[in-house]
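Architecture and fold: a report
One letter stands for each residue in the lines below.
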Amino acid sequence: MKNGFLGHDASFMLDFVVTALVAIVPVLLYSLYVVKYQKKFRLHRNLQIALGLTLLVAVTAFEVDTQIIHGGWENIVNKDPDSPRLSGEAYQYARSVLHFHLIFAISTPFLWATTLFLALKKFPGDPKPGSHSRLHKVLGWASVIDIVMTSVTGLWFYYVAFVA
């Protein structure tokens, strides 16, 4: 799985995660819609659990592929050491974008897991509004902002490292 499917010489798992980042946001927005406007609390819970598990599996597979199989993102972007795709200022810029992306990418699973864990604990059985709702709403919106920023900065990194 050394070659991706988006046509930009990335790894398969890198292309998969980029695709997942694009797909996650509409599902997340749908989940927010069903809880806020349709009051379908169980569907919202199930969508959030599914999204969380999907991201956990995708990111774990991605990290194993990137770090263990390829030995780091630099080895993916510069597959041919004799003719590196990125060097000098372009490499440093891509690295800076990656570091900015990692702020969100690292915080997202922790924030999402906290939000999910507390929700499952405080909204047992048939979920409905209660005393935990205010904190859940704050944590939920923080999680939404975090995952959207993870998606935007991840796409930005993919662009500067593999497309531009």
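The structure this text deals with has already been given above.
As a starting point, this report considers the structure included with it. Residue positions are counted from 1 within each chain, in the order its sequence is given. Predicted model: local features are reported for residues with pLDDT of at least 70 only, side-chain atom pairs are reported and counted for 80 or more only, and whole-chain, interface and lining totals are derived from all residues. By convention in this description, side-chain values take in all heavy atoms of the structure and omit both hydrogens and water.

Okay, the side chain of Thr153 next. Runs of H or I in DSSP of at least four residues are treated as helices and runs of E of at least two as strands, each being numbered from the N terminus. In this fold, Thr153 is placed in helix α5 (residues 133–163). Thr153 sits in the buried class, given a relative accessible area of 1%. Polar contact criterion, stated in full: a pair of N or O atoms within 3.5 Å, where within protein one must be able to donate a hydrogen and the other to accept it, and residues adjacent in sequence count only if both atoms are side-chain atoms. Only 2.9 Å separates the side chain of Thr153 from the side chain of His101, close enough to count as a polar contact. One polar contact links the side chain of Thr153 to the main-chain carbonyl oxygen of Thr150, over a distance of 3.4 Å. Non-local contacts of Thr153, meaning those with residues more than four positions away in its chain, are made with Val97, Phe100, His101 and Phe104. The cut-offs for exposure are 20% and 50% of the maximum accessible area for each residue type, with area from a 1.4 Å probe on protein chains only; residues under the lower value are buried, those over the upper are exposed, and the others partly exposed. Contacts are residue-level and defined by heavy atoms, with any inter-residue pair within 4.5 Å sufficient.

What follows concerns the pattern of salt bridges. Salt bridges are identified by distance alone: a Lys or Arg side-chain nitrogen within 4 Å of an Asp or Glu carboxyl oxygen. By the definition in use, this model includes two salt bridges. Between Asp9 and Lys79 there is a salt bridge, and its shortest N-O distance comes to 3.0 Å. Taken together, the residues span a long stretch of sequence, with Asp9 in the segment before α1 (12–36) and Lys79 in the loop between α3 (73–77) and α4 (88–122) at a distance of 70 residues. Across the pair Arg42 and Asp126 runs a salt bridge whose closest N-O atoms are separated by 3.1 Å. Placement of Arg42 in helix α2 (residues 41–69) and of Asp126 in the loop between α4 and α5 is noted, with a sequence separation of 84 residues between them.

Looking now at the nonpolar core. For this analysis, a nonpolar core means a set of buried residues of the types Ala, Val, Leu, Ile, Met, Phe, Trp, Tyr and Cys, connected via side-chain atoms within 4.5 Å. One finds Trp73, Leu86, Ala94, Phe157, Ala161 and Phe162 to be the most contacted residues of the largest nonpolar core, which totals 20 residues. Looking at this core, the elements with two or more residues in it are α1, α3, α4 and α5. Contacts of Trp73, omitting those with residues within four sequence positions, involve Thr66, Leu86, Tyr91, Ala94, Arg95, Leu98 and Phe157. Core analysis: the second largest hydrophobic core is formed by nine residues, Ile24, Leu28, Leu55 and Val144 among them.

Right, let's get into α4. With 35 residues, α4 extends 51 Å between its outermost C-alpha atoms, agreeing within 8% with the 51 Å of an ideal straight helix rising 1.5 Å per residue. Of all the positions in α4, only Tyr91, Ala94, Val97, Leu98, His101, Phe104, Thr108, Trp112, Thr115, Leu116 and Ala119 are classed as buried. Against α2, α3 and α5 lie the buried residues of α4. Helix span is expected to be 1.5 Å times the residue number reduced by one.

We now examine the packing of aromatic side chains. Aromatic pairing here means that ring centres of Phe, Tyr or Trp (its six-membered ring) are within 6.5 Å. Orientation follows from the plane angle: under 30 degrees is stacked, over 60 is edge-to-face, and everything else is tilted. Considering all chains together, one arrives at eight aromatic pairs under this definition. Relative to Trp156, the ring of Tyr93 has its centre 6.3 Å away and its plane inclined at 65°; by these criteria the two rings are edge-to-face. Taken as a pair, Tyr93 in helix α4 and Trp156 in helix α5 lie far apart in primary sequence, 63 residues in all. In this structure Tyr93 comes out as partly exposed when scored by relative accessible area, which is 43%.

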